[in-house]
Structures are given as C-alpha cells and as structure tokens.
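Examination of the molecular architecture
Spelled out from the first residue to the last, the chains are:
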Amino acid sequence: MNEKRVVRNIEIPGINGKKVICDVYGVKPINLELGLRPAVIFLHGGGFVAGDKDQFLGMAALLALEEDILCITVQYRLATEATCPSQIIDCYSVCNWLLHKQKTFSVNPELIFLAGGSPGANIAAMAILSGQEHMHIMDVEKKNIFQPVNGIFLNGIYDLEEFYLQNSSERERVKKYLGEKDIKKASMHFWSPIYAKKAGCNIWMLHGTCDEIVPLQQCVRMKQHLQENGSRAWIKIFQQKHHAWFNSPEEVYSVVEEIARCIKMREREVADGGVKKSKRDI
C-alpha cells in the first residue's frame, strides 16, 4: 500500500461469498512506537434502503489523522439488494478481515469498535450482541466469527417495533429490510438489539434530546437492558439535537471528539489490565 494513508474501494472477501466494498483510513500508522492502536468500523445510516460509506468520511479521516486510529467505512448491502441479516453478515466479513490484518495495520483486537448511525447503529449493535440463535439464522458458525465487544452508536434504532409503530413513513423500509410484506412482531424483536442478551460488552450511545424519529427514551431503555444483561453502557446526551444531527458538517468535530474520548477510556482500561500495553499518552 506504499505511503498511502487512505485506500478507497477495497474489496473485502465476504464470509458468504459476497464481497464488501470499504474505504480504509490511516493505513500507515503515524508512529509505530506507540504500540498497537484502536480501530473503528463505521456503518452508515439511510433508513436501511439508502446511504453509503461516505457518510462517515469526515469522521474517519479526522480520527485517522488526529488520533492515529485505523478507520474503515463499510458499503454494506442495502435492503433494496438483500434483506436482513445480509447487512450483519457484511459487517462480520469486515470484522474477520480486520482481525486477520491486525498485524498489517498494527491494530489491537481488544480495541476494535463498531460504530453506526441510526440503522447503521442497529446493524452494528446486532453484530456485537448476536447470540447462537442469530448465528444459526445467518448460517454461520459463531466460533468462526469475530465479534467486537465495543460499540459507539449515534441516535441508534434499538427497538425495531417501536421504531415501526412510531414512524409511519419508515414502515415500508422496515418491511423491506426484514423481507416481510406483513410485518411480524417476532421478527422485529429478533433483530432488535434491545432484545438481544449478551454480557461483557462496552457500549457508548450518543443521542440528541430532540430526536423525534428515535426518542431519547429508547436509548435510555437500551442502556438499562445492556446493564441488566451484564454489559456496560454510557449515554452522552447532545442538547437540542435532532435525529440526523451528526451528519451536519458543523457537528463533525464535536462528534469526533466524543468518539475519541470513548476510545481512550477503553484504551486506558486495556492498558491497565495488562492486555497489549500501549505507550500512548491518554
């Protein structure tokens, strides 16, 4: 990859044979003496049927440049191409690829994060929290899937049923995502992070107080659910911000600052625990 810091449109082999197109930021570590570094895999929003990997281009570039964090933006399959759980499988393809490339990119697997906005957060959260029952539906072996335990979510959709009932304009998108003309409550629950039970995860949720698409209360419920099931969760509230506030160019720096803070918190914990110690000034 020579001296390039950004490589666009890499074709990552899919665990089910479907290639995933990604961009990688921070390909060449700025300072190898600092030790193994964190990585963030970004999953874009767009209501399950739209959007692309460039949604998080600005954040990924800033984190790579200013924090020496490897960032990957993912062009997962939209619901117009394939139904759930294809999107989660695409995410796992990228996770497995990064795990195999950890030495190439000087990445610490303990510090790999999945990040997403709105439906991207839903997909990322399911990738982290999926259990054996989900793996069975995805027709993959859990032991062959690398599941990161760290997540950073922006105004995420954690309860598909609540999202479906509260937003009439989004119902057709949810149906298309789940592949059901007559939506089933059981399906919405099965693919909702708020009903997935897994311990040992570290989840940071960034949410605006004026979100009418996914009310803050859903985020609060998600935090409670995570804690009740043995994971850790934090909420960072952004006052007077609506659903897609993080997409605004003027908000990029504040979001990047908060994402970096979350990552450094986890990086400190890993270093203090003696796992692949880092010399980073955190």
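Figured I'd write up the structure that's included with this text. Model, not experiment: these values are computed from the prediction. (Residues numbered from 1 in each chain as written. Predicted model: local features only at pLDDT ≥ 70, side-chain atom pairs only at ≥ 80, totals over all residues. Heavy atoms only, no water.)

This brings us to the packing of aromatic side chains. All told, the structure shown has 10 aromatic pairs when counted by the stated rule. Their ring planes at 10° and their centres at 6.3 Å tell us that F56 and F246 sit as a pair that is stacked. Placement of F56 in the loop between strand 3 (37-43) and helix 1 (57-67) and of F246 in the loop between strand 8 (232-238) and helix 10 (252-272) is noted, with a sequence separation of 190 residues between them. The pair formed by F56 and F246 is uniform in burial state, with each residue classed as buried. In textbook terms, an aromatic cluster arises when at least three aromatic residues are bridged by ring pairs, as seen for F42, F56, F238, W245 and F246. In this structure, R171 packs its charged tip against the face of Y164, placed 5.5 Å from the ring centre. Over the ring of F238 we find K236; its NZ or CZ atom is 6.0 Å from the centre of that ring. (Phe/Tyr/Trp six-rings, centres within 6.5 Å; stacked < 30°, edge-to-face > 60°. Helix = DSSP H or I, 4+ residues; strand = E, 2+ residues; numbered from the N terminus. Buried < 20%, exposed > 50% of the residue type's maximum accessible area, 1.4 Å probe, protein only. Lys NZ or Arg CZ within 6 Å of the ring centre and 35° of its normal.)

A few words on the side chain of K175. With respect to the helices and strands, the residue K175 is situated in helix 7 (residues 171-178). Here K175 falls in the buried class, since its relative accessible area comes to 18%. Setting aside anything within four residues of it in sequence, one finds K175 in contact with Y164, E180, K181 and I183. (Contact = heavy atoms within 4.5 Å.)

Within helix 4 (residues 119-129), 11 of the 11 residues are buried, leaving the element largely enclosed by the surrounding structure. Inspection of helix 4 places P119, G120, A121, N122, I123, A124, A125, M126, A127, I128 and L129 among the buried residues, and these make up the whole buried set.

All right, on to the nonpolar core then. Among the nonpolar cores identified, the biggest contains 65 residues, and I41, I72, V74, I88, L98, F153 and M205 are the most heavily contacted of them. By size, the runner-up hydrophobic cluster in this structure holds 28 residues, among which are A60, V256, A260 and C262. (Core = buried A, V, L, I, M, F, W, Y, C linked by side-chain atoms within 4.5 Å.)

Considering the arrangement of structural elements, one finds Q87 in helix 2 (residues 86-100). On the basis of relative accessible area, Q87 is assigned to the buried category, the value being 0%. Sequence separation of Q87 and Q75 is 12 residues, and the distance between their C-alpha atoms is 9.4 Å. The contact partners of Q87, leaving out residues within four places of it in the chain, are Y76, R77, L78, A79, A82, I123 and Y177. Engagement of the side chain of Q87 in a polar contact is seen with the backbone oxygen of A82, the distance being 2.8 Å. (Polar contact = N/O pair within 3.5 Å; in protein donor to acceptor, adjacent residues only side chain to side chain.)

Here we take up the pattern of salt bridges. It is possible for side chains bearing opposite charge to pair when their charged atoms get close. Tallying each qualifying case throughout the model produces 16 salt bridges. Residue R221 is joined to E162 by a salt bridge in which the shortest nitrogen-to-oxygen separation is 2.9 Å. With a gap of 59 residues between them, R221 in helix 9 (residues 216-228) and E162 in helix 6 (residues 160-166) connect regions that are remote in the sequence. Residues joined by salt bridges that share partners form a network here, namely R8, D23, K53 and D54. (Salt bridge = Lys/Arg side-chain N within 4 Å of Asp/Glu carboxyl O.)

Neighbouring strands of a sheet are bound in pairs by backbone hydrogen bonds; such pairs are parallel or else antiparallel. Pairing is mixed in the open sheet, where eight strands are placed in the order 1-2-4-3-5-6-7-8. The sheet terminates laterally at strand 1 (6-12) and strand 8, the two strands that pair on one side only. Ignoring strand direction, the axes of neighbouring strands in this sheet form an average angle of 20°. Bridging between strand 6 (residues 150-154) and strand 7 (residues 202-208) involves five bridges; their strand directions are parallel. By the bridge assignment, L154 is partnered in strand 7 with L206. Relative to the sheet, helix 10 contacts strand 3, strand 5 (107-117), strand 6, strand 7 and strand 8, its axis offset from that of strand 5 by approximately 150°. (Pairing = 2+ DSSP bridges. Axes fitted to C-alpha atoms, helices over the stretch in contact; angles between N-to-C directions.)

For A121, the location among the structural elements is in helix 4. On the accessibility criterion, A121 (0% relative accessible area) is buried. Here the alpha-carbon distance between A121 and K53, two residues 68 residues apart in the chain, equals 14 Å. When sequence neighbours within four positions are dropped, the list of residues in contact with A121 reads G116, F153, L154 and G156.

No statement about biological role is implied by the geometric values presented.
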